[in-house]
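Results of the structural survey
These are the residues of each chain, in order.
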Amino acid sequence: MSTLHLVRQSAFATNDFAQCLSVLDHQDSIVLMDDGCYNLKHSLMDSLLKRVDGTININVITTHAQARAIETIATINHIDMADVVELTFNHKKVITWQ
Amino acid sequence: MTIIEQQTPAILPKESGLAIINSKAPFSSNHGKDALDVALIFGSFEQKVSLFFQGDGVYQLIANQDGRLVSIKDYLKTFSAFEFYDIEDIYACQQSLVNRQLNETFHINDVQVLTSIEFGKALNRHQHVLRF
Amino acid sequence: MKTLAVVVTTPPYSHLTITALTYVEAALVAGINVIGVFFYQDGAMHANKNTSIASDEYQAIAHWQRLQQQYQLPLHICITAAEKRGIACDSIDNEQVNKAFTVSGLGELVELTTKASRLVQF
């Protein structure tokens, strides 16, 4: 029952990330990509990290964050697109929040 | 007497079909209509398709709207044809309705209003998800 | 067999399309069977032969063409979405349609979805 969530929008601009979090299950994974990387600094991310306490696998595409000069957090995984492909098949389905 | 332990495989309902999440209000963009077209084609190919309304998407379900007043062909009327396409599972996110001060007065029947947890579980029963 | 279908809804000039391309290429390199890319909504604009993007900018259409040739990757554009955006698809030789793309209907999306073990939208 696991879903891979691709988050592509900044939560400062849209509700997509909040909607993603509202259906998030404890075996799911999140990938922040494109403007979704800005969510690393959003209060929704702070509360998510506190709430899930390491049970949800949270990832960011390294180049997408670096390109935007976003400081990344040690508690989340830094991945590339090949990893996203692998995650696609490690989960039962993919939902894109864009 | 020997007790033969019978191994019964855990019966898990297999995820199947397509879930379409509608996240946009009906009139300012084409997303609702584009999602509807996908739903109807899946229905006409006899493929299982369920509709989810979340965020501003719940505005697509609200009664007494009239797109003609703003020169929009009212695609919402087509929602009443869902039963002819065997589209039976229509879900609205309760929290999205509450946030928008909307009551559960919809222009189609059989909309199931679900809590966020139930909404997520219903999504999980599908094999694929598209979001518009 | 890992099979993947991809839906692209962003136009060729959108930077979001670069992410879609990078993902599809990473899947192909990993040996995943990408059974098709379906261009819907603004994604259909990829098939317009008259699109001209400044040469120092990312050439999304050229990259899709490259993947199509290198991996025989099927690229389907939705006819309704394309015609709505000024790409005439019903003329005899489809003069406006880039030959790398196949003009399809939404039925093709049904086909891809039922065949693929994963469907990913960009």
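As for the interface of chain B and chain A
With 14 residues of chain B at the contact, the number on the chain A side is 12 residues. Elements supplying a minimum of two residues to the side of chain B that touches chain A: α3 (116-124) and β5 (128-131) of chain B. It is α3 of chain B that contributes the most residues to the side of chain B that touches chain A, five residues altogether. Here the residues of the side of chain B that touches chain A are counted per class, giving three nonpolar, nine polar and two charged.

Points about the pairing of β5 of chain B
All names here are of chain B. Along β5, one buried face is formed by His-128 and Leu-130 and the opposite face, lined by Val-129 and Arg-131, is buried too. When strand β1 (residues 18-22) meets β5, the two strands line up parallel, connected through four bridges. When the bridges of β5 are listed, Ile-21 appears paired with Arg-131.

What about the sheet that holds strand β4 (residues 77-79) of chain A?
All names here are of chain A. Reading across from one edge, β4-β3-β2-β1-β5 is the order of the five strands in this open sheet, with parallel pairing throughout. In this open sheet, the two edge strands, each paired with only one partner strand, are β4 and β5 (93-97). Ignoring strand direction, the axes of neighbouring strands in this sheet form an average angle of 25 degrees. Alignment of strand β1 (residues 3-7) against strand β2 (residues 29-32), held across four bridges, turns out to be parallel. Residue pairing across strands places His-5 opposite Ile-30, the latter belonging to β2. Helix-sheet contacts for helix α4 (residues 81-90) involve β1, β2, β3 (57-61), β4 and β5, and the interaxial angle to β2 is about 155 degrees.

Comments concerning the sheet that holds β1 of chain B
Residues and elements named next belong to chain B. Taken together, the five strands give an open sheet; going across it, the order is β4-β3-β2-β1-β5, and neighbouring strands pair in parallel fashion. A strand with exactly one partner marks an edge of an open sheet, and here the two such strands are β4 (111-114) and β5. Neighbour-to-neighbour, the strand axes of this sheet turn through a mean angle of 25 degrees, independent of strand direction. Direction of pairing for β1 relative to strand β2 (residues 49-53): parallel, over a ladder of five bridges. In the strand pairing of β2, Ala-19 is matched with Ser-50. Contacting β1, β2 and β5, helix α1 (residues 31-44) runs over the sheet at an angle of about 160 degrees to β1. Sheet strands touched by α3: β1, β2, β3 (90-93), β4 and β5. Its angle to β3, the strand with the most contacts, is close to 145 degrees.

Criteria and thresholds
Residues numbered from 1 in each chain as written. Chains lettered and ligands numbered in written order. Predicted model: local features only at pLDDT ≥ 70, side-chain atom pairs only at ≥ 80, totals over all residues. Contact = placed C-beta atoms within 7 Å. Helix = DSSP H or I, 4+ residues; strand = E, 2+ residues; numbered from the N terminus. Nonpolar A, V, L, I, M, F, W, Y, C, P; charged D, E, K, R; others polar. Buried ≥ 20, exposed ≤ 12 C-beta atoms within 10 Å, placed from the backbone. Pairing = 2+ DSSP bridges. Axes fitted to C-alpha atoms, helices over the stretch in contact; angles between N-to-C directions.

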